[in-house]
Amino acid sequence: MMNLQELETIKYHKIPAKIFVVNNNAYAVIRKRQHELFKARTIGTDPSNGVSCPDFEKIAAGFDIPYAHIDGSQMLSKNMSSIIAKEGPVLCEVMGLEDQDYIRTAYAHNLKRRIVQRPLEDQAPFLERKLF
């Protein structure tokens, strides 16, 4: 939602970008985190508590960009290949899981034996430190 103006740039310059929007019924990661911290109290994370998703097909049409829809992960590989092969830009909505888990950052000891948060790219399964 914060970058809709980029669709106009793609249209204007005829950039053959393939845009994949994962629709998990608004803000699934924030919703999951709020559930962890505040039990069942969530706000601003989905249609039940103040935020809904727009109709991405209408948004694509508003910018004269072709729209595609992938309903879940079962057909993801097959459908993505055909979408990427299309000429010109495409806005593709991929229906994701509302309860999708997210990557948690882990903690480790640094050289001074202080507990520090690992960077996002350093997640399980952990690589040997030299390779990382």
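Structure first, text after, so check above.
Here the structure is a predicted model, which is why all the values come from computation and not from measurement. (Residues numbered from 1 in each chain as written. Predicted model: local features only at pLDDT ≥ 70, side-chain atom pairs only at ≥ 80, totals over all residues. Heavy atoms only, no water.)

Caption draft 1: Layout of a nonpolar patch on the surface. On the surface, L127, L131 and F132 cluster together into a nonpolar patch covering about 310 Å² of accessible area. Inspection of the secondary structure puts L131 in the segment after strand 5 (115-117). (Patch = residues over 30% accessible without salt bridge, like charges linked within 9 Å, V, L, I, M, F, W, Y side chains within 5 Å. Areas by Shrake-Rupley, 256 points an atom, 1.4 Å probe, with all protein chains shown as cover. Salt bridge = Lys/Arg side-chain N within 4 Å of Asp/Glu carboxyl O. Helix = DSSP H or I, 4+ residues; strand = E, 2+ residues; numbered from the N terminus.)

Caption draft 2: Expanded view of the pattern of salt bridges. Taken as a whole, this structure holds four salt bridges when the rule is applied. For R31, the salt bridge goes to D46, with nearest N and O atoms at 3.2 Å. Residue R31 is located in helix 2 (residues 28-38), and its partner D46 is located in the loop between helix 2 and helix 3 (56-62); the two are separated by 15 residues in the primary sequence. Like R31, the residue D46 is buried in the burial classification. We note a salt bridge from R129 to D122, for which the minimum N-O separation is 2.8 Å. With a relative accessible area of 45%, R129 lands in the partly exposed category. What makes D122 buried here is its relative accessible area of 5%. (Buried < 20%, exposed > 50% of the residue type's maximum accessible area, 1.4 Å probe, protein only.)

Caption draft 3: Region of interest: the pairing of strand 3 (residues 90-95). The buried count for strand 3 comes to five of six residues, which makes it a mostly enclosed element. Sheet topology places strand 1 (residues 18-23) next to strand 3; six bridges connect them, and they run parallel. Looking across to strand 3, one finds that V21 is bridged to E93. In the sheet, strand 2 (residues 67-70) pairs with strand 3 via four bridges, with the strands oriented parallel. Within strand 3, the residue paired with H69 across the bridge is E93. For the segment spanning strand 2, helix 4 (residues 76-85) and strand 3, crossover handedness is right-handed. (Pairing = 2+ DSSP bridges. Right-handed = clockwise from strand over helix to strand, strands pointing away.)

Caption draft 4: The sheet that holds strand 1, seen in detail. Strand order in the open sheet made by the three strands is 1-3-2, with parallel pairing throughout. Looking at the sheet topology across the chains shown, the edges are occupied by strand 1 and strand 2. The mean inter-strand angle of the sheet, taken between neighbouring strand axes irrespective of direction, is 20°. (Axes fitted to C-alpha atoms, helices over the stretch in contact; angles between N-to-C directions.)

Caption draft 5: Local environment of the environment of S82. Structurally, the position occupied by S82 is in helix 4. C-alpha of S82 to C-alpha of R31: the two residues are 51 residues apart in sequence and 32 Å apart in space. Here N79 takes part through its backbone oxygen, which lies 2.9 Å from a polar atom of the side chain of S82. (Polar contact = N/O pair within 3.5 Å; in protein donor to acceptor, adjacent residues only side chain to side chain.)

Caption draft 6: Up close: the side chain of D122. The topology assignment puts D122 in the segment after strand 5. Within the structure, the side chain of D122 is placed 2.8 Å from the side chain of R129, a separation counted as a polar contact. Setting aside residues up to four positions removed in sequence, D122 forms contacts with R129 and F132. (Contact = heavy atoms within 4.5 Å.)

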